[in-house]
Amino acid sequence: MKSLITFCFILGFFATSMQAANPAKTHPKMNDSLQPPIAEQRPHQSTHHGVVLNDPWHWLKDPNYPKISDKDVLSYLKAENRYFEAQMAGQKPWVEKIFKEMKNRIKEDDSSVPQKDGDWIYWSKFAKGAQYRQHYRKPAAGGAEQLMLDETKLAADKDYFTLDELIISPDGRLMAYAYDDDGSERFAVHFRDLETGEDLPDVIEGVLSNLVWSSDSKGLVYGLANENWRTDKLYYHRLGADPKKAKLLYQEDDIGFAVDVNLSAQDEWIIIETGDQVTSEIRLLPANDPTAEPILVSPRKVGRSYSVDVRDGLIYILTNDDHVNFRVATARLDQPEAWKVLIPGSDRHYLTDLALFQDFYVTEGRVDGLDQIELRDYADPTKAEKIVFPEASYEAGLGDNPEYAVTKLRIDYESMVTPGTVYDFHLADRRLEVMKVQEIPSGYDASQYETERLMITARDGVKVPVSVLYQKGFPKDNSRPLHLYGYGAYGMAMPPGFSANRLSLVDRGFAYAIAHIRGGDDLGYQWYLDGKVMKRENTFNDFVDVAKGLIAQGYVAQGRVTASGRSAGGELMGAVANQAPELFGAIVAHVPFVDVLNTMLDDSLPLTPGEWPEWGNPITDKAAFDCIRSYSPYDNIQAKAYPPMLFTGGLNDPRVTYWEPAKMVAKLRATKTDANLLLLKTNMGAGHGGKSGRFDRLREHAEEATFILWQLGMVK
């Protein structure tokens, strides 16, 4: 179950003394001599279901999109960037201080834990001072290491670079790698002969899917992005041939569906996956003959999601067809629709993933919101062995396990106080071996921090989990600030994991809280269903009620809560700013999905048709139109006081278009009644994830932390 986005952040100076109860009265919050840009209002109307919508900032959407060349649009975005830089100029020493603090928590020459795959052992590492990784391998039988790919060289002289995928051919000789160098998420696939180190002439442009090799190592299966940034066609490219003449394997005609591709556990079957947020359909192709007629596992049924793997001619299916928390079924390849129950659905145990190995299989899931990894016996479906971890609250899941026949499992683990840890679980003696613990070079003592898991009652009586981190001795007397993070969409849980960056606030006396609100699947798939479409308001209410609950329990005072969210979490920030601005001392909304109604009404935009199952289709459904209109942040800005706010966007972002935060800021400037600082920063050469280099990203985290501290009066 994949979806769109996430993030976190932040660092320590004031220790835990927190001298001023209301320092905002003694520290200026903005440079009043600077005048913010004012976006011109141009009349624009549209009518839907008899309702006239006025949108005077509609012009900020470049009419030539996805090409962005309108001089007025670019002029406004650049003016906002200049205003951002001018306002933050006085805080540059703090940005630099916090950036260095964050950077000092990073092991600059960090390396992944090597992992065997066939005849080779693979790993990646950063050279000291490098923004990007190098990828290595060496023979498992012994021999010299080989540098396969240096991202730093590929990223040289580029403002943006992201390596999306790197896969080795079955014979171990060739490497396919895909990268994006402008943030548009249209990836170019290149091929390298690892024996000679030379790149092949084959280049495939515009890929937007996983990559899968054919069994003979002579071809690649992939999906291309169409003009609407949707993968609707799957191709097979034979090396040496013209990529423009690649063989079409599958075409998806439903404009709301997207296609992806994977490989089965035994590398025998290419798995073609097509679907939207709630419905899926899967076909199987033999990996040794990708151009064969595919096997349809089961035709799509609206609202039924399923994923599959194959072992020894038996299909294993994870599906929500008869239980909201999913079940596992099996079917023979010659009777793929005859599903037989293997693991029934459970009201308490939410199944999220399935992995097949030679002698056993693994299910991943959650019980009461806590991650579970269970080893299961093929011969006895009732036999399950849970891997036990040392803490009461944590995040855990299978890591990199590329081989089918294994004697140990690679597992990733962390908690809010425990840095990222890589374990090998030895099957022979059921033992966890620590392979790596995230190193904090500047020093970190977990014993100096505490974490809690609270249950705060929302306005409708539902109890919402909240994970909280703070330094030992944190007084619950409303004297300290608290940062609240949330997402709440697409069934994406926000687990209680570790972030060295957030210590920038915690070490300055903050509590840091994650609200596990409805819309995510933290407490099961129903938790997700209860925060989407017509129940979307629950997500925003949960976040506001968690903030109020933390205030009531003494963690923070009203007006001293800061908050952040990204993408759909940025939509959350806009909605809660409209609903309860008085609670917050500062809000940061990254690439925020705030113009929900207009976006869902525009089916020419890349993602809109595929997003209707998540948000509703306001074009055809008046109830969905009314519901979205009632909460869409841009449409609900009011003439009232708002807290200080920072919005960010990416000019090349295909997920949340740049004009959403731009329009939100323009309307806020024209409407709100306060004099609090309002900033917009648009990355002119990046997309949804912001800057791509690891240190460039850190600097943006440092800017966010500085903005928050500045607006609470904790830095001058």
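All values reported here derive from a predicted model rather than from experimental measurement.

K.L.:
When you look at helix α12 (residues 694-711) in this model, what are you seeing that I'm missing?
P.N.:
Since the α-helix packs 3.6 residues into each turn, any two residues three or four apart lie on the same face. Between its first and last C-alpha atoms α12 spans 26 Å; for 18 residues at 1.5 Å apiece the expected length is 26 Å, and the two agree. Just downstream of α12 lies Gly713, where phi reads positive at about 75°.

K.L.:
Would you explain the sheet that holds strand β29 (residues 421-426) in this entry?
P.N.:
What links the strands of a sheet is backbone hydrogen bonding, and the strands pair in either a parallel or an antiparallel sense. Strand order in the open sheet made by the four strands is β27-β28-β29-β30, with antiparallel pairing throughout. Strands at the two margins of the open sheet, each flanked by one partner only, are β27 (395-398) and β30 (431-437). Ignoring strand direction, the axes of neighbouring strands in this sheet form an average angle of 30°. Where β27 and strand β28 (residues 408-414) come together, four bridges link them in antiparallel fashion. When the sheet's bridge partners are listed, Ala396 is paired in β28 with Tyr413.

K.L.:
Even after reading the chapter, I still don't get the pattern of salt bridges, so can you show me in this structure?
P.N.:
When charged atoms on two side chains of opposite charge get close, those side chains can pair. The full count for this structure, using the stated rule, is 44 salt bridges. Taking the shortest distance from any N to any O, the salt bridge between Arg508 and Glu101 comes out at 3.6 Å. One end of the pair, Arg508, is in the loop between α4 (503-506) and β34 (511-515); the other, Glu101, is in helix α2 (residues 92-103), with 407 residues separating them in the sequence. For the pair shown, Arg508 and Glu101 are each scored as buried. Among the ionic pairs, Asp626 bridges to Lys622, the shortest N-O distance being 2.8 Å. Remark: Lys622 and Asp626 occur in helix α10 (residues 622-631); sequence separation between them is four residues, near one turn of the helix. A single salt-bridge network, built from bridges that share partners, covers Glu252, Glu281, Arg283 and Arg300.

K.L.:
Looking at this structure, how should I read the packing of helix α1 (residues 71-88) against helix α11 (residues 659-671)?
P.N.:
The packing of two helices is summarised by the inter-axis angle and the distance between the axes. Viewed as axis vectors pointing N to C, α1 and α11 meet at an angle of 70°, and their least axial separation amounts to 12 Å. Relative to α11, the element α1 is oriented roughly perpendicular. Relative to α11, α1 is oriented so that their crossing is left-handed. Facing Tyr76, Leu77, Glu80 and Tyr83 of α1, the residues of α11 in contact are Ala662, Val665, Ala666 and Arg669. Classifying every residue of the contact of α1 with α11 gives six nonpolar, no polar and two charged.

Reading the values: the criteria
- Per-chain numbering applies: the sequence of each chain, read as written, is numbered from 1 onward.
- Per-residue local features are limited, in this predicted model, to residues with pLDDT of at least 70; the limit for side-chain atom pairs, both in listing and counting, is 80 or more; totals at the level of whole chains, interfaces and linings are taken over all residues.
- As a rule here, side-chain values come from all non-hydrogen atoms in the structure, and water together with hydrogens is ignored.
- Counting from the N terminus, the helices are DSSP H or I runs at least four residues long and the strands are E runs at least two residues long.
- Each residue after the first adds 1.5 Å to the expected span of a helix.
- Two strands make a pair as long as DSSP finds a minimum of two bridges between them.
- Interaxial angle, 0 to 180 degrees, is taken between N-to-C directions of lines fitted to C-alpha atoms, where a helix line uses only the stretch in contact.
- Whenever Lys or Arg places a side-chain nitrogen within 4 Å of a carboxyl oxygen from Asp or Glu, that contact is recorded as a salt bridge.
- Partly exposed describes any residue whose relative accessible area lies between the buried limit of under 20% and the exposed limit of over 50%, with all areas from a 1.4 Å probe on protein chains only and scaled to the type maximum.
- Oblique is the label for any angle not covered by the other classes, which are roughly parallel (under 35 degrees), roughly antiparallel (over 145) and roughly perpendicular (65 to 115).
- When the near helix sits turned anticlockwise from the far one by under a right angle, the crossing is termed left-handed; a clockwise turn instead gives a right-handed crossing.
- Working rule for contacts: check all heavy atoms of both residues, and any pair within 4.5 Å makes them a contact.
- Residues are grouped as follows: Ala, Val, Leu, Ile, Met, Phe, Trp, Tyr, Cys and Pro are nonpolar; Asp, Glu, Lys and Arg are charged; all remaining types, including Gly, are polar.

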